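The residues making up each chain are set out below.
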There are 2 protein chains.
Amino acid sequence: MTPASALNDRLAASHPAASACLSALGRAIFYPKGITAQAEQARGSRINATLGQLTDGAGGAMGLPGMVRHLGDLPPERALLYAAQGGIPDLRAAWKARLSAAAGPAISLPLVTTGITHGLATVADLFAGPDTDVLLPEPGWGNYKHIFGTRRGARLLGYGCLGPSGFDVAPLRRALAALTRPTVLVLNYPSNPIGYVPDPVEADAIVAAVAEAPVPLVVVTDDAYQGMVWEPGRVQGSLFARLCRLDPARVLPVKVDGATKELFFFGGRVGFVTFGCGGSAAEVLEDKAMGLLRATTSSGPAFSQALVLEALANPALDEEREVLHTVLRGRYQALRASLDQAGITPWPYNGAFFVFVPVKGDAEALRLRLLDQGVGVIAFADAGAIRLSYASIKAELLPELVSVLARNL
Amino acid sequence: MTPASALNDRLAASHPAASACLSALGRAIFYPKGITAQAEQARGSRINATLGQLTDGAGGAMGLPGMVRHLGDLPPERALLYAAQGGIPDLRAAWKARLSAAAGPAISLPLVTTGITHGLATVADLFAGPDTDVLLPEPGWGNYKHIFGTRRGARLLGYGCLGPSGFDVAPLRRALAALTRPTVLVLNYPSNPIGYVPDPVEADAIVAAVAEAPVPLVVVTDDAYQGMVWEPGRVQGSLFARLCRLDPARVLPVKVDGATKELFFFGGRVGFVTFGCGGSAAEVLEDKAMGLLRATTSSGPAFSQALVLEALANPALDEEREVLHTVLRGRYQALRASLDQAGITPWPYNGAFFVFVPVKGDAEALRLRLLDQGVGVIAFADAGAIRLSYASIKAELLPELVSVLARNL
């Protein structure tokens, strides 16, 4: 029995939906018992001749002074030496503790990825392929297309729960009902590019629709913008917690999130993949995902992981986040006031960084016209809209953004 | 004409070998003109509403104090904000300057990857697939198997230029002569796990063998251990420079290297991919590789890239590296002296971190026996050998390593 087939048998016995949804690559992959696994076993040996990194012989880093002098107060080892495969164990445990409060204990130990994109790509490798459908929000983040489609050869289908007039779960329900083979469904709230967060009734409707799907599903919650909810009465956490209560014969929830936006560490590239299952199934999926991480980036950036661990250990974390949320909420409110005053009606929005404004005529032409006037926006030509981000603009400047926009719409 | 087919046409016209070697994914991929490309165009706009990251509105980062206080003297922007897609432009230029000295000007602008593994994975995505053969050094780094085989479905073939009795180019020549379809050839000197660096005559023989291959080749130089050459009379630089002089109708050289070992920044995860061509071909391959980077990790770790840039800008870099090389060379010499004294004859070795010791009987059983005695080594069961790394062991302790080994061999 090969390492992969042993894992596949365990998964079939412990999580029918996950098993049914594995791609050919997902079936073939496993974490190899090679150099890194053997080095892990040798950790703490009196004489450790396994390691492919320079140390002083006592665990201390030996770095270039021209690099070391720019490190802060953390020991150079935490920047210069390899982080563990799959992520620093303490960081994985800390992130799990953060998630367990909402999702309950039956979740896997989160794996650390090099940013959220890498988390999504890992899930795509495991579950998407030429025999798979991937159901994406429409309009949605453009990068999903390369991640799931071009790279993995999956058939991409779209569903549009949001439009200029509000939220409607019916298109998702219809898209799910029409499925005929194992499928990856991507949910993304707070959403990019629309900036929408559902209310609890809408969230329940999404989960109910998922529960009724006629095929096994992997449901990915892309929670990049988690916590960025600027209006009351909206779902505060991820839909992942609700999805974890569904039948494992039908649904595997996978949470993809990270420090990128949630901890305002855009350049850090620390993401996480967490499977909504425990026991054997979690162990198998972690092993397979570790195999994919090993074969795409090997370990992740050590210093970035160390900084995230420091942030999570800081008792003032929630207050510090709230300070930055207050800045963002202030920009959101300033932009909303200006848009209202100008009579510009975006698609419904209440979270993340974004406002999605419908456009008469060619969105790309409008983008270029605005660019000429010193205003940068993102065009979504297919949806006939432009996306404004208020994350990098002072509140005082937002009325001017709206007035330039109003003149050109 | 789709973006991909326009690129493919340009590549066919400018670099026949690269064009012939593209995988199906390599043919399909392109850098999308989506959010990141549009944001790049808006750089410097008076009002920039493209960015999905929080700033103070004037390019300044707004981070969590619990994270920022652990940064050193570099501005927080260089750690907290996104690095450019494909890598920080100044870093790419600095790495290119470093390579051009040896390889000449007709090389692409290096792309920054998240470590060397990610560089190899990107090359695998571009050029390896079910219709491709991949010719790997044997014994070689185990991770190649997942990177090129499991992930990409390529057929893996091996060649063994090194054995207990020395270097012989004939197996490589035979393996190349037997090829019948576009192939990726991986060269790895200084080598892992053997620790071997060829002399100039051997290097010329390798390049001559490549030049005579009957099929178009992508030749990847995995230069992770570049500069770690502990004996005189050995090739100092990469074979990439020699390969760049071959006919582009037959060979595309690709250099994969990084700060990981070369700048002793193991935890940084800064690698580079550089194509051995200029002009149109370089532009096309950069665009396609950027598309793959965008779809696997998006941008790379910003602070790591900033540190590498600082190291490269430091006029004392060469001296600082030499200090660490001296430590490694000292360990190499101490280990060699002990092995000679004990009458243990590894495969020929003169570089990197490694010694490859043939074993009578089961290498894995020996590894476990040594582990019980407090000594960690890596077993290569197929090759009937163990790999010792001297990179993390004080020179004083190396005689003890050898004496434990001698008792157990």
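Residues numbered from 1 in each chain as written. Chains lettered and ligands numbered in written order. Predicted model: local features only at pLDDT ≥ 70, side-chain atom pairs only at ≥ 80, totals over all residues. Heavy atoms only, no water.

Colleague: Please provide a residue-by-residue account of the overall build of chain A, values included.
Modeller: Across its full length, chain A holds 18 helices and 14 strands. In terms of overall dimensions, chain A has a C-alpha envelope of 70 × 55 × 35 Å along the principal axes. In chain A, which comprises 409 residues, the share counted as buried stands at 64%. Pairs at least 24 residues apart make up 74% of the contacts formed inside chain A by residues separated by at least 6 positions. Accessible surface, chain A as shown: approximately 13,500 Å² in total, 55% of it carbon and sulfur. Separation of charge centres in chain A, based on 36 positive and 36 negative side chains, amounts to 3 Å. (Helix = DSSP H or I, 4+ residues; strand = E, 2+ residues; numbered from the N terminus. Buried < 20%, exposed > 50% of the residue type's maximum accessible area, 1.4 Å probe, protein only. Contact = heavy atoms within 4.5 Å. Areas by Shrake-Rupley, 256 points an atom, 1.4 Å probe, with all protein chains shown as cover. Lys, Arg positive; Asp, Glu negative; His and termini not counted. Charge placed at Lys NZ, Arg CZ, Asp CG, Glu CD.)

Colleague: Run through the pattern of salt bridges, naming residues and quoting values.
Modeller: Residues and elements named next belong to chain A. In the structure shown here, the tally under the stated rule is 36 salt bridges over all chains. For Glu286, the salt bridge is made with Arg92, and the minimal N-O distance between the two is 3.7 Å. Within this pair, whereas Glu286 is found in helix H14 (residues 279–296), its partner Arg92 is found in helix H7 (residues 89–103), the two being separated by 194 residues in sequence. When its relative accessible area of 17% is taken as the criterion, Glu286 is described as buried. (Salt bridge = Lys/Arg side-chain N within 4 Å of Asp/Glu carboxyl O.)

Colleague: An account of the relation of the copies chain B and chain A is needed here, citing residue identities and associated values.
Modeller: Rotating chain B by 180° and translating it 0.0 Å along the rotation axis places it on chain A, where the RMSD comes to 0.0 Å. What the superposition gives is, in effect, a two-fold axis relating one chain to the other. Considering only C-alpha atoms, the residue of chain B closest to the rotation axis is B:Gly72, which sits at 1.8 Å. Same-surface contact between copies: 100% of interface residues of chain B are shared with the interface of chain A. (Least-squares fit on C-alpha atoms with pLDDT ≥ 70 in both.)

Colleague: Explain the interface of chain B and chain A to me, using residue names and the numbers behind them.
Modeller: Often the size quoted for an interface is simply the accessible area lost on bringing the parts together. The partner chain A presents 108 residues to the 108 residues of chain B that form the contact. Between chain B and chain A, a total of about 9,000 Å² is buried, with carbon and sulfur atoms accounting for 60% of that surface. If you sort the residues of chain B by the area they bury against chain A, B:Ile47, B:Leu64 and B:His70 come out on top, with a joint share of 8%. Viewed at the interface, chain A and chain B are joined by two salt bridges. Among the salt bridges present, the one from A:Arg46 reaches B:Glu400, with a minimum N-O distance of 2.1 Å. Taken together, chain B and chain A are joined by 59 residue pairs in polar contact (both at pLDDT 80 or more). The class makeup of the residues in the side of chain B that touches chain A is 55 nonpolar, 36 polar and 17 charged. Sheet topology places strand S1 (residues 47–48) of chain A next to strand S12 (residues 375–376) of chain B; two bridges connect them, and they run parallel. Bridging across to S12(B), A:Ile47 finds its partner in B:Val375. (Buried area = accessible area lost by both parts, 1.4 Å probe. Polar contact = N/O pair within 3.5 Å; in protein donor to acceptor, adjacent residues only side chain to side chain. Nonpolar A, V, L, I, M, F, W, Y, C, P; charged D, E, K, R; others polar. Pairing = 2+ DSSP bridges.)

Colleague: Account for the packing of aromatic side chains, naming residues and giving values.
Modeller: All names here are of chain B. Counted according to the given criterion, the structure contains 26 aromatic pairs over all chains. Ring centres 4.1 Å apart and planes at 10° place the aromatic pair Trp95 and Phe272 in the stacked group. One end of the pair, Trp95, is in helix H7 (residues 89–103); the other, Phe272, is in strand S10 (residues 271–275), and 177 residues separate them in sequence. Residue Trp95 is classed as buried on the basis of its relative accessible area of 0%. When the ring of Trp347 is compared with that of Phe356, the centres are 5.0 Å apart and the planes differ by 85°; the resulting orientation is edge-to-face. (Phe/Tyr/Trp six-rings, centres within 6.5 Å; stacked < 30°, edge-to-face > 60°.)

Colleague: Provide a residue-level description of the confidence of the model for chain A, including the pertinent values.
Modeller: Considering every residue of chain A, the mean pLDDT works out to 96; 100% of them sit at 70 or more. We note a pTM of 0.97 for the whole complex and an ipTM of 0.97 for its interfaces. (pLDDT = per-residue confidence, 0-100.)

Colleague: A description of the environment of A:Pro171 should follow, citing residues and the corresponding values.
Modeller: Residues and elements named next belong to chain A. Structurally, Pro171 can be placed in helix H10 (residues 170–177). Pro171 sits in the buried class, given a relative accessible area of 19%. The spatial distance from the C-alpha of Pro171 to the C-alpha of Arg367 is 29 Å, given a sequence separation of 196 residues. Not counting residues within four places of it along the chain, the set of residues in contact with Pro171 comprises Tyr159 and Gly160.

Colleague: Tell me about the sheet that holds strand S14 (residues 385–389) of chain A, residues and numbers included.
Modeller: All names here are of chain A. Sheet architecture is open: three strands sit in the order S11-S14-S13, paired in antiparallel fashion. The open sheet has two free edges, formed respectively by strand S11 (354–358) and strand S13 (378–380), since each of these has just one partner strand. The mean inter-strand angle of the sheet, taken between neighbouring strand axes irrespective of direction, is 25°. Against the sheet, helix H17 (residues 363–372) engages S13 and S14, with an angle of about 170° to S13. (Axes fitted to C-alpha atoms, helices over the stretch in contact; angles between N-to-C directions.)

Colleague: Which residues make up the side chain of A:Asp287, and what values do they have?
Modeller: Here A:Asp287 lies in helix H14. Apart from residues no more than four positions distant in its own chain, A:Asp287 is found in contact with A:Leu7, A:Phe30, A:Tyr31 and A:Lys33.

Colleague: An account of the sheet that holds strand S11 (residues 354–358) of chain B is needed here, citing residue identities and associated values.
Modeller: Residue and element names in this part refer to chain B. One open sheet accounts for three strands, arranged S11-S14-S13; its pairing is antiparallel. Looking at which strands have only one partner, the edges of the open sheet turn out to be S11 and strand S13 (378–380). This sheet shows a mean twist of 25° between the axes of neighbouring strands, independent of strand direction. Across three bridges, S13 lies against strand S14 (residues 385–389) in antiparallel orientation. When the bridges of S14 are listed, Ile378 appears paired with Arg387.

Colleague: Can you lay out the nonpolar core for me, pointing to particular residues and giving the numbers?
Modeller: A:Phe127, A:Phe275, B:Phe127 and B:Phe275 are the most contacted members of the largest nonpolar core, which has 301 residues in total. Residues contacting B:Phe275, with those up to four places away along its chain left out, are B:Ile107, B:Ser108, B:Leu111, B:Leu126, B:Phe127, B:Phe240, B:Leu252, B:Pro253, B:Val254, B:Leu285, B:Glu286 and B:Ala289. (Core = buried A, V, L, I, M, F, W, Y, C linked by side-chain atoms within 4.5 Å.)

Colleague: How would you summarise the packing of helix H1 (residues 3–14) of chain A against H14(A) if you had to cite specific residues and measurements?
Modeller: All names here are of chain A. Contact pair H1 / H14: the axes reach a minimum separation of 8 Å and the direction vectors enclose 145°. For the element pair H1 and H14, the recorded crossing hand is left-handed. Between H1, through Ala4, Leu7, Asn8, Arg10, Leu11 and Ser14, and H14, the contact on the second element is made entirely by Ser280, Ala281, Glu283, Val284, Leu285, Asp287 and Lys288. Residues of the contact of H1 with H14, tallied by class, amount to six nonpolar, three polar and four charged. (Left-handed = near helix turned anticlockwise from the far one by under 90°.)

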